[in-house]
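Per-entry structural report
Listed below, chain by chain, are the residues.
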Amino acid sequence: MSALISPPAPGGSGPGPVVGRLLRSRLAAALATPHGVDRYLERFNPMWAAHEVRARVVSVHRETSGDAATGSAPVATLTLQPTSTWRGHRAGQHVLVGVELPGTAKRHTRAFSISSAASAPGERFTLTIRAHDEGQVSSYLVREARPGQLLHLSQAQGAFTLIESPATPTISRLLFITGGSGITPAMSMVRTLLRDGYDGHAGRKVTFLHFARGPEDQIFADELAAIAEADNGVDVHLRYGDQRFSEFELRRLVPDYRDTDTWLCGPAGLVELVKDAYAGPESSGGALSPRLRMEFFKPAVARAAQPADGEELTGEVTFARSGASAPASGTSLLQQAEELGLKPDFGCRMGICFSCTRTKTAGAVRNVLTGEESSLPDEEIRICVTAAAGDCHIDL
Ligand SMILES: Cc1cc2nc3c(=O)[nH]c(=O)nc-3n(C[C@H](O)[C@H](O)[C@H](O)COP(=O)(O)OP(=O)(O)OC[C@H]3O[C@@H](n4cnc5c(N)ncnc54)[C@H](O)[C@@H]3O)c2cc1C
Ligand code: FES
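In short, a report on the structure.

Conventions and cut-offs
- Residues numbered from 1 in each chain as written.
- Chains lettered and ligands numbered in written order.
- Predicted model: local features only at pLDDT ≥ 70, side-chain atom pairs only at ≥ 80, totals over all residues.
- Heavy atoms only, no water.
- Pairing = 2+ DSSP bridges.
- Helix = DSSP H or I, 4+ residues; strand = E, 2+ residues; numbered from the N terminus.
- Axes fitted to C-alpha atoms, helices over the stretch in contact; angles between N-to-C directions.
- Contact = heavy atoms within 4.5 Å.
- Phe/Tyr/Trp six-rings, centres within 6.5 Å; stacked < 30°, edge-to-face > 60°.
- Buried < 20%, exposed > 50% of the residue type's maximum accessible area, 1.4 Å probe, protein only.
- Near = heavy atom within 4 Å.
- Polar contact = N/O pair within 3.5 Å; in protein donor to acceptor, adjacent residues only side chain to side chain.
- Areas by Shrake-Rupley, 256 points an atom, 1.4 Å probe, with all protein chains shown as cover.
- Nonpolar A, V, L, I, M, F, W, Y, C, P; charged D, E, K, R; others polar.
- Domains from an automatic or database assignment.
- Parallel < 35°, antiparallel > 145°, perpendicular 65-115°, else oblique.
- Left-handed = near helix turned anticlockwise from the far one by under 90°.

**Observations regarding the sheet that holds strand S9 (residues 234-240)**
- Sheet architecture is open: five strands sit in the order S9-S8-S7-S10-S11, paired in parallel fashion. This sheet does not close on itself; its edge strands, each paired only once, are S9 and strand S11 (292-295). The average angle at which neighbouring strand axes cross in this sheet is 15°, direction not considered.
- Bridge count for strand S7 (residues 174-179) against strand S10 (residues 261-265) is five bridges, and the pairing is parallel. Opposite Leu174, over in S10, you have Asp261 as the bridge partner.
- The strands touched by helix H5 (residues 183-195) within the sheet are S7, strand S8 (206-212), S9 and S10, with S7 carrying the most contacts at an inclination of about 145°.

**Some points on the packing of aromatic side chains**
- Counted by the stated rule, this structure contains five aromatic pairs.
- Centre to centre, the rings of Phe176 and Phe208 are 5.9 Å apart; their planes meet at 55°, and the pair counts as tilted. A residue pair is termed long-range when its members are at least 10 positions apart, and Phe176 in strand S7 and Phe208 in strand S8 qualify at 32 residues. Comparing Phe176 with Phe208 shows no difference in burial state: the two are buried.
- Geometrically, the ring pair formed by Phe211 and Phe245 is edge-to-face, given 6.3 Å between the ring centres and 65° between the ring planes. Separated by 34 residues along the polypeptide, Phe211 in strand S8 and Phe245 in the loop between S9 and helix H7 (247-253) bring together distant segments of the chain. Across the pair, Phe245 and Phe211 agree in class, each one buried.

**What to know about the sheet that holds strand S1 (residues 53-64)**
- Spatially, S4-S3-S6-S1-S2-S5 is the arrangement adopted by the six strands of the open sheet, whose pairing is antiparallel. This sheet does not close on itself; its edge strands, each paired only once, are strand S4 (107-113) and strand S5 (125-130). Averaged over all adjacent pairs, the angle separating strand axes in this sheet is 40°, with direction ignored.
- For strand S2 (residues 75-82) and S5, the ladder comprises six bridges, and the chain directions are antiparallel. Each bridged residue has a counterpart across the sheet, and for Val75 the counterpart in S5 is Arg130.
- Each of S1, S2, strand S3 (94-100), S4, S5 and strand S6 (150-153) touches helix H4 (residues 136-144); the most contacted strand, S4, lies at about 75° to it.

**A word on the site of ligand 1**
- Surveying the vicinity of ligand 1 reveals 23 residues, the closest of which are Arg110, Ala111, Arg130, Ser138 and Thr184.
- Between ligand 1 and Ala111, the relevant distance is 2.5 Å, taken from an oxygen atom to a main-chain nitrogen or oxygen of the residue.
- A distance of 2.9 Å separates an oxygen atom of ligand 1 from a polar side-chain atom of Thr184.
- Starting from 900 Å² of accessible surface for ligand 1 in isolation, the protein chains cover 81%.
- Counting residues per element, the shell around ligand 1 draws most heavily on S4, at four residues.
- Along the lines of polarity and charge, the residues of the shell around ligand 1 split into nine nonpolar, eight polar and six charged.
- Each of domain 2 (53-153) and domain 4 (316-394) accounts for three or more of the residues forming the shell around ligand 1.

**What about unusual backbone geometry?**
- Of note in this structure, Glu134 is not a glycine but carries a positive phi near 60°.
- Mapped onto the elements of the fold, Glu134 is located in the loop between S5 and H4.
- Note on Glu134: relative accessible area 81%, which makes it exposed.
- Even without being glycine, Arg349 reaches a positive phi, approximately 60°.

**Section: the pairing of strand S17 (residues 386-394)**
- Inspection of the sheet shows strand S12 (residues 316-319) paired to S17 by three bridges, in the parallel sense. The residue bridging Thr318 from the neighbouring strand is His393, located in S17.
- For strand S14 (residues 357-367) and S17, the ladder comprises six bridges, and the chain directions are antiparallel. Counterpart to Val365 in the pairing with S17 is Ala388.

**Brief notes about the side chain of Thr161**
- As for its position among the elements, Thr161 is in the loop between S6 and S7.
- Leave out the neighbours within four places in its chain, and Thr161 touches Arg90, Ala91, Gly92, Gln93, Met189, Trp263 and Arg293.

**Details of the packing of H5 against helix H6 (residues 221-229)**
- In contact at an axis separation of 13 Å, H5 and H6 are set at 45° when each is read in the N-to-C sense. By the angle class used here, H5 and H6 are oblique. Here the hand of the crossing between H5 and H6 comes out left-handed. Together, Ile183, Met187, Val190, Arg191 and Leu194 of H5 and Glu223, Leu224 and Ile227 of H6 make up the contact between the two elements.
- Here the residues of the contact of H5 with H6 sort into six nonpolar, no polar and two charged.

**A closer look at H4**
- Restricting attention to buried positions, one finds in H4 the residues Val137, Ser138, Ser139, Tyr140, Leu141 and Val142.
- Against the buried residues of H4 lie S1, S2, S3, S4, S5 and S6.

Written out as structure tokens, the structure reads:
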């Protein structure tokens, strides 16, 4: 393989484009079987890859230091240099980050929104992470990540994006409502708009309404203050402590908010209040305004998988490898496994990262997000969003 490798592309992030194409070819795949091209490249230089995406931590910037007395947790921004395989991201998207924690032999995967402006292929970007109490991956990345360290990444993903751009101008207003670390995808969108020449004087306005515990807990405080002061058409409204979300205030800031393109990301309490404000009258079924887009960092309480009206959920869940079993409870199979003391891999706990995928060898299951049932044998399922719908056997 070494004969195929060229010097890294500018920026030192990977082989040049021609060699890159060669390395992604079928011939290279056949030559590298059974380990794959990336296993060989990694040995020469961990920043060389043909398919996988990895990133080197360039710097770690402490945003807030947290305060045990008030229960606030520290937040850090990691600047990452991805391998040349990185295809870039649209503002608002997230990435799956794989980390090998010290003392554990396995890789842990978590999702993080990208906080920097939209990136081009191979370009640097940032993640801004709050260290959750007892949170394995977030605490490690905030407290222990160091420049030079390598992380495993997915390509950027997610549909919570800025669909309008300066290339497709609109006269409409944009509204961002965020809470806590939920500010990260909105920050990426606002940074993209400002970087790409967003013109707030062409009848377009951005309203950014953000809720935090207090000023000392405010992520991106200096930058938000600078944006608020500049004459750029972006209105920033920061609310702290007891200043909770109210529909009354939203109506004052953006009178036609239900008809305004809105991006919402924050803790469950904030999301529920905002959803109530965007719900239509009961006479029309209370449907949410289609202008409201939402991103969740934590699973909304998963709907238990219950059978049709009047029927009782029966059946036994068997985790075949461990020999553990329990009556089907309607909660996710991940939760049922954990309640039995098992420790299956998981990442997002909401069906987006596939870390928890297992084989259901037999039986009936229901997707707790869609309600869809399936009883196919030897089926790959994500156990975080799947519950038993009767007897079922899981290869776990
Ligand atoms: C699409 C998406 C984007 C995200 N973007 C960001 C981001 O930009 N910045 C960021 O800091 N986080 C973000 N998250 C959350 C992140 O993926 C992790 O859930 C979080 O960092 C906790 O992981 P952990 O391994 O530290 O905690 P775990 O070890 O998984 O959990 C430990 C404890 O922390 C609690 N916990 C886990 N997740 C959360 C959570 N999200 N909120 C509150 N408590 C939690 C659990 O209840 C548990 O008690 C995002 C999540 C998703 C799905
Ligand atoms: S834990 Fe991410 S899909 Fe299940």
